Amino acid sequence: MDGDLSQGASGDASPTYEDSRSSKVVLISGLPLHFRFDNIEHQLAQYGNVQHCDKATSRDANTQAVYITFETPEQAQLAINGLNGCEIEGSRMKVEAAEQNARGGRRGRPGGGRGGGGATGGGSRPTDFPLRLLVQSDMVGAIIGRQGSTIRLITQQSRARVDVHRKDNVGSLEKAITIYGNPENCTNACKRILEVMQQEANNTNKGDICLKILAHNNLIGRIIGKGGNTIKRIMQETDTKITVSSINDINSFNLERIITVKGSIENMAKAESQISAKLRQSYENDLQVLAPQSIMFPGLHPMAMMSTGRGFCGAPPPFPPPIYAPLAGQSGAQQGAGDSQETTYLYIPNNAVGAIIGTKGSHIRNIIRFSNASVKIAPLEQDKQAESQNNAQQERKVTIVGSPEAQWKAQYLIFEKMREEGFMSGSDDVRLTVEIVVASSQVGRIIGKGGQNVRELQRVTGSLIKLPEQPQQQTGQQQDHDTTVHIVGPFYSVQSAQRRIRAMVAQASAPGRRRAAQPPPAQQ
């Protein structure tokens, strides 16, 4: 399974709380949206007794995903071996193991996960929305313990996965901790961490500790509530004092605010439970709002859009920051996110290069770290250096390599920096110039008959899309050549065009697709 959650990451030592091979739960993705449990019940019954069917968050807005719980791990493995890769109504299923504690949503009788969930199934996975804490750096050693003993114990007792990001932001006074699991398990792990921190504080005469919860800025309003009603209610019910950090502390590279809770350990844990429940519900509500718009960006998990902090079509971007959606596919909803590496060429004005790089390379390093993409700016050619001093609008080529999510984040951060620095044309927003490379054999599909497809792409996305005219005759050798697609427009328009063109090419080259597209032979 990609991003196996049994591979914990707690500092250098990685505790294992459950091997996926012993799991009774399988994740089935790629199911048509209209499918119900009844449609596949007979196939599942071949491999064993199904105890539960729960909705899962699907990475693809055009398909749905479900968790199926069998009676034994052996039955689950048989289902994986027998069903993975099978086609249902032209859609290829992906069946993989899932840890039993990685499931979220309701537990119900088989059939509880009805069709229509898409990317916004009612029972979204808690691994999509874990608990994020901030602790003092000098507490990290105590939380991890000698050779990882303490954090291993916390993991075993709480049945949650705990990641201490101690190597991030070297030299900082505080470190982030991410806790994955269902809400109850996350709260148990949080309480155990608080107990360890208080014991360490007692040993070093540091007094009482506090709980710091990290939450995305777009969700903070729901925690505070109208006139502060929600946060006041939580304080009264849990006998705690709760404050929220200033909005001035966030920027393009830090979209999280700090919710500080003070009180007894028992009460702080109660407050965390209520805060997390509100954050999770707000996140799921916002996810449903944005889901219809995600069809504009096929192949991109909607959580990636959270890296922008601005909405598409006016909707608030409701998704957690990048650490919530690891690019390597840490959760089932992210499956495939880190599998495909794309190359995109972005062109920026020569006089914007200094701002993008930043002082001693600080800004571009942050872009690379935040997006998890490779970002390289081409050096200025020697014979053009003199010319560039007189021509500030000469463009420099930026090569970006990464997953779809990494592409989105890197391109947005470059766009945002250009916007901040005022690189706009008149009163318009910053217009990006992007190139992607496709096989020459796919150019005709993108253009369409009489240019119909490319005109529709331009109308729907709002981008200017330029392709070379497809030659009338192509040899097999020529079809292997690459063709550059030129895209110009505002950020969201360019992203939509990129994703749609890549989806068209991927669909055309998918195994079995081309044969299915052939007309049936004429009857004699």
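Please read all numbers here as calculations on a predicted model, not as lab measurements. (Residues numbered from 1 in each chain as written. Predicted model: local features only at pLDDT ≥ 70, side-chain atom pairs only at ≥ 80, totals over all residues. Heavy atoms only, no water.)

A. Expanded view of the overall build of the protein. What the protein contains, in helices and strands, is 17 helices and 18 strands. Among the 524 residues that make up the protein, the fraction classed as buried is 53%. For the protein, contacts bridging at least 24 residues in sequence account for 72% of all contacts bridging at least 6. Looking at the protein as shown, the accessible area adds up to about 24,000 Å², and 46% of this sits on carbon and sulfur atoms. (Helix = DSSP H or I, 4+ residues; strand = E, 2+ residues; numbered from the N terminus. Buried < 20%, exposed > 50% of the residue type's maximum accessible area, 1.4 Å probe, protein only. Contact = heavy atoms within 4.5 Å. Areas by Shrake-Rupley, 256 points an atom, 1.4 Å probe, with all protein chains shown as cover.)

B. Expanded view of the confidence of the model for the protein. Mean pLDDT over the protein: 75, with 71% of residues reaching 70 or higher. Confidence scores differ between elements of the protein, with helix α17 (residues 513–517) showing the lowest mean pLDDT of 43 and strand β11 (residues 241–244) the highest of 96. Counting contacts from residues 1–21, a segment whose pLDDT is below 50, to residues more than four positions away or on other chains yields 67 contacts. Contacts for the low-pLDDT stretch residues 309–339, under 50 throughout, to residues beyond four places or in other chains number 109 contacts. (pLDDT = per-residue confidence, 0-100.)

C. Region of interest: the side chain of Ser282. Relative to the assigned elements, Ser282 resides in helix α8 (residues 265–290). What makes Ser282 buried here is its relative accessible area of 4%. Look past the residues within four positions of Ser282 in its chain and what remains in contact with it is Leu219 and Arg222.

D. Looking closely at the packing of helix α12 (residues 404–420) against helix α16 (residues 491–509). Relative to each other, α12 and α16 sit at 155°, their axes nearing to 11 Å. Judged by the angle between their axes, α12 and α16 are roughly antiparallel. Here α12 runs over α16; the crossing is right-handed. Only Phe491, Tyr492, Gln495, Gln498 and Arg499 of α16 make contact with α12, whose side of the interface consists of Pro404, Trp408, Gln411, Tyr412 and Phe415. Classifying every residue of the contact of α12 with α16 gives 6 nonpolar, 3 polar and 1 charged. (Axes fitted to C-alpha atoms, helices over the stretch in contact; angles between N-to-C directions. Parallel < 35°, antiparallel > 145°, perpendicular 65-115°, else oblique. Left-handed = near helix turned anticlockwise from the far one by under 90°. Nonpolar A, V, L, I, M, F, W, Y, C, P; charged D, E, K, R; others polar.)

E. Inspection of the environment of Val353 at higher detail. The topology assignment puts Val353 in helix α9 (residues 353–357). Spatially, the C-alpha atoms of Val353 and Val398 are 9.7 Å apart, while their sequence positions differ by 45 residues. Beyond its immediate sequence surroundings of up to four residues, Val353 is in contact with Ile348, Ile377 and Arg396.

F. Inspection of the pattern of salt bridges at higher detail. One pass over the structure, following the stated rule, counts 13 salt bridges. In this structure, Glu266 engages Lys191 in a salt bridge whose closest nitrogen and oxygen atoms are separated by 2.7 Å. Within this pair, whereas Glu266 is found in helix α8, its partner Lys191 is found in helix α5 (residues 183–203), the two being separated by 75 residues in sequence. Residue classification places Glu266 among the partly exposed positions, given a relative accessible area of 41%. (Salt bridge = Lys/Arg side-chain N within 4 Å of Asp/Glu carboxyl O.)

G. How the structure looks around the nonpolar core. Of all hydrophobic cores here, the largest spans 46 residues; its most connected members are Ile414, Leu432 and Ile501. No other element matches α12, which puts 8 residues into this core. The residues contacting Ile414, other than those within four sequence positions of it, are Leu346, Ile348, Ile356, Ile367, Val375, Val398 and Ile400. Grouped together as the second largest cluster of nonpolar side chains are 41 residues, Val135, Val162, Ile179 and Leu219 included. (Core = buried A, V, L, I, M, F, W, Y, C linked by side-chain atoms within 4.5 Å.)

H. Expanded view of unusual backbone geometry. One non-glycine residue, Gln147, lies in the positive phi region at around 55°. Residue position: Gln147 is located in the loop between α3 (140–144) and α4 (149–158). The phi torsion at Asp239 lies on the positive side, around 55°, for a residue other than glycine. One can find Asp239 in the loop between α7 (229–238) and β11.

I. View of the packing of aromatic side chains. For the structure on display, the rule yields 6 aromatic pairs. Each ring, one from Trp408 and one from Phe491, has its centre 5.1 Å from the other, and the planes form 80°; the classification is edge-to-face. Taken together, the positions of Trp408 in helix α12 and Phe491 in helix α16 put the pair 83 residues apart, joining distant regions of the chain. For Trp408, a relative accessible area of 1% gives the class buried. Three or more aromatic residues link up through ring pairs in this structure, and these residues are Trp408, Tyr412, Phe415, Phe491 and Tyr492. Here the guanidinium or amino end of Lys397 rests over the ring plane of Tyr345, the centre of that ring lying 4.2 Å away. (Phe/Tyr/Trp six-rings, centres within 6.5 Å; stacked < 30°, edge-to-face > 60°. Lys NZ or Arg CZ within 6 Å of the ring centre and 35° of its normal.)

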